[in-house]
Amino acid sequence: MSRAELRAVGLVRRYGGLTAVDHVDMSAPPGMITGLIGPNGAGKSTLFKLLTGVEQPDEGAVLLGDRDISKLRPDKRSRLGLVQTFQVPSLFTSMTVRDNLLVGVENRRRDYGGGLFGLGVRKNPSHEQVVDDMLASLGLSDLADFVAGSLPTGALRLAECARALCAHPDVLLLDEPASGLDAVETERFSALLRRIADAGVAIVLVDHDVDLVFTVCDQVYAMVGGKVVAHGDPATVRANPTVQSVYLAQGSVAA
Ligand SMILES: Nc1ncnc2c1ncn2[C@@H]1O[C@H](COP(=O)(O)OP(=O)(O)OP(=O)(O)O)[C@@H](O)[C@H]1O
């Protein structure tokens, strides 16, 4: 089963007189990591909420493959393969990582056919086996027996991603996944994202760490004032004069 592309077409979201998202078109193709950057108030979170279904657009549409999902609630979108992780990891803190992933497997899509990281090659694997294979394929077996609440932030985020993958998503939406990670954890996390994308998942990443976004993403959308002001590969977006002027002012994008 080929995976679906996520697209935003002419999305508009207004709050009273303020247009937080202003006619935004974007696409997140399978196998690619798509980044979203912008200064405070640019509209990133609002766009993210329109993609996940937490907010509804005033105009435009969100498409998953050929299907218009604009009116669907987040849980319905999740059943169709649009899975998100949260700024604050949402694992059950009193359960082990393995048990958290078991919950993820039990909530997975009904049309799950296996395939990610070779899962599904076994005939009717037990849920436990699916979880152990998932952790092994991600290089995270060392985390399996830890109680989630005892893990440092970096490991928790890796485990949260692993749980999201148990739902066999077409699209993984990551909101500030690197916040609170040190340099080593960020590197491990970036490598994990690449492996997930290489397995054919479309990843959308919103993060204040623009250097991370430029390093890990295949394409980047830069927003200012609700509009997309630059789009392309990281080098192109980094060199864009508007992006330069916004971020150079903050001292966070090297020329
Ligand atoms: N529920 C709301 N009601 C009114 N205005 C809102 C609401 N949510 C966001 N806004 C406004 O919409 C604009 C875009 O906000 P948004 O949070 O999407 O930006 P952002 O790029 O995610 O910013 P940040 O990086 O600070 O999180 C801002 O001016 C914000 O004040």
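Residues numbered from 1 in each chain as written. Predicted model: local features only at pLDDT ≥ 70, side-chain atom pairs only at ≥ 80, totals over all residues. Heavy atoms only, no water.

In the nomenclature of an unreviewed UniProt entry, the protein is known as ABC transporter ATP-binding protein of Frankia nepalensis.

**Structural notes on the side chain of E55**
Among the secondary structure elements, E55 is positioned in the loop between α1 (44-52) and β4 (59-64). Of the polar contacts made by the side chain of E55, one reaches the side chain of Y15; its length is 3.2 Å. Once residues lying within four places of it in the same chain are set aside, the contact partners of E55 are R13, Y15, K49 and L50. (Helix = DSSP H or I, 4+ residues; strand = E, 2+ residues; numbered from the N terminus. Polar contact = N/O pair within 3.5 Å; in protein donor to acceptor, adjacent residues only side chain to side chain. Contact = heavy atoms within 4.5 Å.)

**Focus: the environment of R195**
Among the secondary structure elements, R195 is positioned in helix α6 (residues 183-198). Look at R195 and you get partly exposed, because its relative accessible area is 40%. For the pair R195 and G31, spaced 164 residues apart in sequence, the C-alpha to C-alpha distance is 9.5 Å. (Buried < 20%, exposed > 50% of the residue type's maximum accessible area, 1.4 Å probe, protein only.)

**Section: the pattern of salt bridges**
According to the stated counting rule, one finds 10 salt bridges in the structure shown. Here D58 ties to R13 by a salt bridge, and the two come within 3.5 Å at their closest N and O atoms. Of this pair, D58 sits in the loop between α1 and β4 while R13 sits in strand β1 (residues 6-15), placing them 45 residues apart in sequence. Residues R73 and D75 are paired through a salt bridge, measuring 3.0 Å at the closest nitrogen-oxygen approach. On the basis of relative accessible area, R73 is assigned to the exposed category, the value being 52%. One connected set of salt bridges, linked through shared partners, spans R13, E55 and D58. (Salt bridge = Lys/Arg side-chain N within 4 Å of Asp/Glu carboxyl O.)

**Some words on the site of the ligand**
Contacts to the ligand come from Y15, L18, A20, P39, N40, G41, A42, G43, K44, S45, T46 and H208. N40 has a polar side-chain atom sitting 3.3 Å from an oxygen atom of the ligand. Within the backbone of G43, a nitrogen or oxygen atom sits 2.9 Å from an oxygen atom of the ligand. The set of elements that each furnish at least two residues to the shell around the ligand consists of β2 (18-28) and α1. (Near = heavy atom within 4 Å.)

**Quick notes on the sheet that holds strand β8 (residues 202-206)**
Two modes of strand pairing occur in sheets, parallel and antiparallel, and in both the strands are linked by backbone hydrogen bonds. Spatial strand order, β6-β7-β8-β3-β9-β10: six strands in an open sheet with mixed pairing. On the outer flanks of this sheet lie β6 (82-85) and β10 (227-232), each paired with one strand and no other. Within this sheet the neighbouring strands show an average axis-to-axis angle of 20 degrees, counted without direction. Pairing geometry for β6 and strand β7 (residues 171-175), over four bridges, is parallel. Following the sheet pairing, Q84 is matched in β7 by L173. Its contacts with the sheet put α1 on β3 (33-37), β6, β7, β8 and β9 (219-224), and the angle it makes with β7 is roughly 150 degrees. (Pairing = 2+ DSSP bridges. Axes fitted to C-alpha atoms, helices over the stretch in contact; angles between N-to-C directions.)

**Some thoughts on unusual backbone geometry**
You will see that H23, though not glycine, has its phi angle at about 55 degrees, which is positive. By relative accessible area, H23 is classed as partly exposed at 47%. In the Ramachandran plot, E176 falls in the positive-phi region, its phi being about 50 degrees despite a non-glycine side chain. The topology assignment puts E176 in the loop between β7 and α6. Among the residues examined, E176 registers a relative accessible area of 7% and is labelled buried.

**Observations concerning the packing of helix α5 (residues 153-166) against α6**
Running from amino to carboxyl end, α5 crosses α6 at an angle of 10 degrees, the nearest separation of the two axes being 9 Å. The angle between α5 and α6 places the two elements in the roughly parallel class. Contacts between α5 and α6 involve G154, R157, L158, C161 and L165 from the first element and E185, R188, F189, L192, L193 and I196 from the second. Residue classes in the contact of α5 with α6 are distributed as seven nonpolar, one polar and three charged. (Parallel < 35°, antiparallel > 145°, perpendicular 65-115°, else oblique. Nonpolar A, V, L, I, M, F, W, Y, C, P; charged D, E, K, R; others polar.)

**Observations regarding helix α3 (residues 97-106)**
All of the buried residues in α3 are V97, N100, L101, L102, G104 and V105. Residues of α3 that are buried make contact with α4 (127-137) and α5.

**Considerations on the nonpolar core**
By size, the foremost hydrophobic cluster in this structure holds 53 residues, and its most contacted members are I37, L172, L193 and I203. Ranked by the residues each element gives to this core, the list is headed by α5, at nine residues. Sequence-distant contacts of I203, that is, excluding residues within four places in its chain, are made with M32, I33, T34, L172, L174, L193, I196 and A197. (Core = buried A, V, L, I, M, F, W, Y, C linked by side-chain atoms within 4.5 Å.)

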